[in-house]
Amino acid sequence: MSLRVAARTLHPARDMLTSARTATSRLSLSPARSSAYATVAGKRIPVRIVEVGPRDGLQNEKTIIPLEVKVGLINRLGRAGSTFIEAGSFVSPKWVPQMAGTAEVVTSMDKLPGVTYQVLVPNERGLEKVLGLLAAHPDKPPVDEISVFTAATDAFSLANTDVTVAESLKRLARVVRGALDKGIRVRGYVSVVITCPYSGKVDYKSVRDVTKELLDMGCYEVSLGDTTGTGNPTSVGEMLDVTVGANPVEKLAGHFHDTFGMGVANSMTALTAGIRTLDSSIGGLGGCPFSPGATGNLATEDILYALQDSPYSAPGDLESLVDIGFWISEKLGRDNSSRVGKAIRARREREGQT
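These lines cover the structure that appears in this document, whether it is placed above or below.

What counts and what doesn't
- Residues numbered from 1 in each chain as written.
- Predicted model: local features only at pLDDT ≥ 70, side-chain atom pairs only at ≥ 80, totals over all residues.
- Heavy atoms only, no water.
- Helix = DSSP H or I, 4+ residues; strand = E, 2+ residues; numbered from the N terminus.
- Buried < 20%, exposed > 50% of the residue type's maximum accessible area, 1.4 Å probe, protein only.
- Contact = heavy atoms within 4.5 Å.
- Expected span 1.5 Å × (residues − 1).
- Arc of directions from axis to C-beta.
- Polar contact = N/O pair within 3.5 Å; in protein donor to acceptor, adjacent residues only side chain to side chain.
- Pairing = 2+ DSSP bridges.
- Phe/Tyr/Trp six-rings, centres within 6.5 Å; stacked < 30°, edge-to-face > 60°.
- Lys NZ or Arg CZ within 6 Å of the ring centre and 35° of its normal.
- Right-handed = clockwise from strand over helix to strand, strands pointing away.

The next subject is the side chain of Ser235. Its location among the elements puts Ser235 in helix H11 (residues 233-243). You can call Ser235 buried: its relative accessible area is 12%. Sequence-distant contacts of Ser235, that is, excluding residues within four places in its chain, are made with Ile194 and Tyr204.

Looking now at helix H7 (residues 124-136). In a regular helix each residue adds 1.5 Å, so 13 residues correspond to 18 Å; H7 covers 18 Å between its end C-alpha atoms and thus fits that length. Buried within H7 are the following residues: Gly126, Leu127, Val130, Leu133 and Leu134. What you see down the axis of H7 is that its buried residues fit within an arc of 120°, all on one side. Looking at H7, the residues exposed on the side facing more than 90 degrees away from the buried face are Arg125, Glu128, Ala135 and Ala136. Along its buried surface, H7 packs onto helix H6 (102-108), strand S4 (116-120), strand S5 (145-151) and helix H9 (165-181). Two to three positions downstream of the cap, the backbone nitrogen of Arg125 sits 3.3 Å from a side-chain oxygen, assigning the N-cap of H7 to Asn123.

With 15 residues, helix H14 (residues 318-332) extends 21 Å between its outermost C-alpha atoms, agreeing within 8% with the 21 Å of an ideal straight helix rising 1.5 Å per residue. Turning to H14, its buried residues are Leu318, Leu321, Val322, Ile324, Gly325, Phe326, Trp327, Ile328, Ser329 and Leu332. The inward-facing, buried residues of H14 abut helix H5 (67-79), helix H13 (300-307) and helix H15 (339-350). Two residues or fewer after H14 comes Gly333, characterised by a positive phi angle close to 70°.

Our next topic: the side chain of Ser157. In this structure, Ser157 sits in helix H8 (residues 154-161). The class of Ser157 is buried, set by a relative accessible area of 3%. Setting aside residues up to four positions removed in sequence, Ser157 forms contacts with Ala151, Asp162, Val163, Thr164, Val165 and Ser168.

Regular strands show a simple pattern: their side chains alternate between the two faces of the sheet. The buried fraction of strand S9 (residues 221-226) is high, at six of six residues. Judged by which residues are buried, S9 turns out to be covered on both faces: Glu221, Ser223 and Gly225 on one side and Val222, Leu224 and Asp226 on the other are all buried. Bridge count between S9 and strand S10 (residues 252-256): five bridges; the pairing is parallel. The partner of Asp226 across the bridge, within S10, is Phe256.

For the rest of this paragraph, the subject is the packing of aromatic side chains. Within the structure shown, the criterion is met by one aromatic pair. Centre to centre, the rings of Phe156 and Tyr198 are 6.3 Å apart; their planes meet at 40°, and the pair counts as tilted. You can see Phe156 sitting in helix H8 and its partner Tyr198 sitting in the loop between strand S7 (195-196) and strand S8 (200-201), a full 42 residues away along the chain. Against the face of Tyr189 rests Arg55, its NZ or CZ located 5.7 Å from the ring centre. Of note, Arg185 hangs over the ring of Tyr220, and the distance from its end group to the ring centre comes to 3.7 Å.

The element S10 is largely enclosed, with a buried count of five among its five residues. Covered by surrounding structure in S10 are Leu252, Gly254 and Phe256 together with Ala253 and His255, the residues of both alternating faces. A crossover links S9 with its parallel partner S10, the connecting element being H11, and its sense is right-handed. As for the winding sense of the linkage, the β-α-β connection from S10 through helix H12 (residues 263-272) to strand S11 (residues 277-280) is right-handed.

Function-wise, these values are silent; they only describe arrangement.
The following block contains the structure:
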């Protein structure tokens, strides 16, 4: 389906300012966007939230995080209604120390029914670890699927993985094929879809082409990451307009860092375009070790609040997630980055609930 058909054009500044103003309140349904917002018999459109806090949220922390804290975070998120949790990563602890012990994490957590648990796998060596883990637990597989990642620029790919984008895609094709041959679903990530910290503004045609390669090799979905968090509704709309020109919008997801406070507005822009999966992180945890200056992800609490009274629905108990956001922030010795979390705590204090 063409993006222009689904939501007319997404990139004029006027439309994006309108989208941003309505993102955190009740969304007005205009005829121009009726196809994007159409519901059946008044039913709200389901949006899948991929909780990336235990992986993308923790990977940039400066201090070592105890196993019990990682496991406790995953378990709390599942009990609070998160249905898709990125539990960790099989990257080298030399490069990302906080992801050390992922095998122990996923074998120690409570595997709740109705929750999908995913781990990030950077290469064939990481896939071998996942396959070994699954072989050791045939009756109760600790993870359900894997994800792989690449970037839209050579500069970022070289800084992150020491290979160009083309080289990374060749490597990932073997990983994806190896996983699919074992019946394991694979999700893809494309980093720096708006700007690159090393080479500047990204050519959106590169985002389009890399996304297509990931889908063609067998990824069931590709998450488009504004890793630097510099995007706004205009640039995100332009990027999506180009990317959807060659890729089915139903196979795309949005992953928006909140460096400039645009995470919610950009997410609503993505929903307007027809995307139905958003990545977020509890308490706004996150940052990228290979993207200097980038701050945390879109906070799960913030996007859930933004979707209230909208045409969309998403799983998760907001009040419980607010508690989890403060719990993990305190464990990490950092401020909670969720604006909604802070507002709800302030309301509770006024009402004498804490």
